[in-house]
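# Survey of secondary and tertiary structure
One letter stands for each residue in the lines below.
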Amino acid sequence: MKKPHTLRDQWFAAALTGPHGLRAAFKDAGHPLDAETIRISTGFPSRGAGRGNKQTIGQCWDQARIKDNICQIYISPVLADPLKVLGVLVHELVHAAVGCQHGHKAPFKRAATALGLTGKMTSTTESPELVERLAVLAERLGPYPHAALDLTGRKKQTTRMIKTECEPCGYIARLSRKAIDEHGAPICPSCMDQMTADVVNG
């Protein structure tokens, strides 16, 4: 029997390799991961770590922001289900493949859709086909060596201004949680579309 991984970074590194690994999946989808090395870790994102159902659960920093030019990805420690972890990892790897400068716009959407991610691009879900592929990968990897971190019970910051963004044009505005709860997200003055509050994936 294969010895299970004891380190999360090793588990993530193994998720990239082999015939069912994510590098192969990205190559099959026509969006290869060109970076020879990608560092993947469990850790809090730079923003939105604990917002209940709206929390940020993954973040990708491309090599342009890193001194040694190696892309870094962080998966939130609140996640422990291997299929969900792998689904978030696919989302963040799409950022790595197309470049973080594109955000969740057209280049990201094309690659994400090709990989089997569906729904709103800022908070994608996995298609049945992708779930099936990730289940095979999770079986090969063995248990995810991590226990979920419970953030409930922490004192909430009530004065923080919430970022809202217009997906088509990128217009950003900040307003209070109370204003969003009472009136909803604002309308973009440029596109006249309703803006999105609380980006979930990075």
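Structural data are supplied above this passage.
The model shown is predicted, which means the values in this text are computed figures rather than measured ones.

### Here's the deal with the sheet that holds strand β6 (residues 161-165)
- The three strands lie next to each other as β7-β6-β8, forming an open sheet whose pairing is antiparallel. Strands with a single pairing partner mark the edges of an open sheet, and in this sheet they are β7 (172-176) and β8 (196-197).
- Judged from the five bridges that link them, β6 and β7 form a sheet pairing that is antiparallel. Paired with Ile-162 across the strands is Leu-175, a residue of β7.

### Describing the packing of aromatic side chains
- Using the criterion set out here, one finds three aromatic pairs in the structure.
- Summarising the aromatic geometry, the rings of Trp-11 and Phe-12 are spaced 5.5 Å apart at their centres and angled 80° between planes, so their arrangement reads as edge-to-face. We note that Trp-11, like Phe-12, is buried.
- Put simply, the rings of Trp-11, Phe-12 and Tyr-144 pair up and form one aromatic cluster.

### Some details on helix α1 (residues 8-16)
- Those residues of α1 not exposed but buried are Trp-11, Phe-12, Ala-14, Ala-15 and Leu-16.
- For α1, the elements touching its buried residues are α2 (22-28), β1 (38-42), β3 (71-75), α3 (82-98) and α5 (128-141).
- Downstream of α1 by a residue or two, Gly-18 has a phi angle that is positive, lying close to 85°.

### Overview of the sheet that holds β3
- The mixed open sheet is built from three strands, whose spatial order is β1-β3-β2. Each edge of the open sheet is held by one strand with a lone partner, namely β1 and β2 (58-61). Pairwise comparison of adjacent strand axes, ignoring direction, gives a mean angle of 15° for this sheet.
- As judged from the four bridges shared by β2 and β3, these two strands associate in the antiparallel manner. Bridging across to β3, Trp-61 finds its partner in Gln-72.
- Each of β1 and β3 touches α1; the most contacted strand, β1, lies at about 135° to it.
- The sheet strands contacting α3 are β1, β2 and β3, and the helix crosses β3 at an angle near 155°.

### Digging into the packing of α3 against helix α4 (residues 106-115)
- Between α3 and α4, the shortest axis-to-axis distance is 9 Å and the interhelical angle comes to 130°. When the interaxial angle is binned, α3 and α4 end up oblique. By crossing handedness, the relation of α3 to α4 is classed as right-handed. Facing Val-90, His-91, Val-94, His-95 and Val-98 of α3, the residues of α4 in contact are Pro-107, Phe-108, Ala-111, Ala-112 and Leu-115.
- Residues that form the contact of α3 with α4 fall into these classes: eight nonpolar, two polar and no charged.

### Considerations on the pattern of salt bridges
- Per the counting criterion, the structure on display carries three salt bridges.
- Linking Asp-28 and Arg-133 is a salt bridge whose minimum nitrogen-to-oxygen distance equals 3.4 Å. In this pair, Asp-28 is assigned in helix α2 and Arg-133 in helix α5, connecting sequence segments 105 residues apart.
- Owing to a relative accessible area of 27%, Arg-133 belongs among the partly exposed residues under this scheme.
- A salt bridge links Asp-68 to Arg-39; its shortest N-O distance comes to 2.8 Å. Of the two residues, Asp-68 is situated in the loop between β2 and β3 and Arg-39 in strand β1; the sequence distance between them amounts to 29 residues.

### Concerning the environment of Ser-190
- Structurally, Ser-190 can be placed in the loop between α6 (177-183) and β8.
- A relative accessible area of 56% places Ser-190 in the exposed class.
- In sequence terms Ser-190 and Tyr-171 are 19 residues apart; their C-alpha atoms lie 7.9 Å from each other.

Reading the values: the criteria
Residues numbered from 1 in each chain as written. Predicted model: local features only at pLDDT ≥ 70, side-chain atom pairs only at ≥ 80, totals over all residues. Heavy atoms only, no water. Pairing = 2+ DSSP bridges. Helix = DSSP H or I, 4+ residues; strand = E, 2+ residues; numbered from the N terminus. Phe/Tyr/Trp six-rings, centres within 6.5 Å; stacked < 30°, edge-to-face > 60°. Buried < 20%, exposed > 50% of the residue type's maximum accessible area, 1.4 Å probe, protein only. Contact = heavy atoms within 4.5 Å. Axes fitted to C-alpha atoms, helices over the stretch in contact; angles between N-to-C directions. Parallel < 35°, antiparallel > 145°, perpendicular 65-115°, else oblique. Left-handed = near helix turned anticlockwise from the far one by under 90°. Nonpolar A, V, L, I, M, F, W, Y, C, P; charged D, E, K, R; others polar. Salt bridge = Lys/Arg side-chain N within 4 Å of Asp/Glu carboxyl O.

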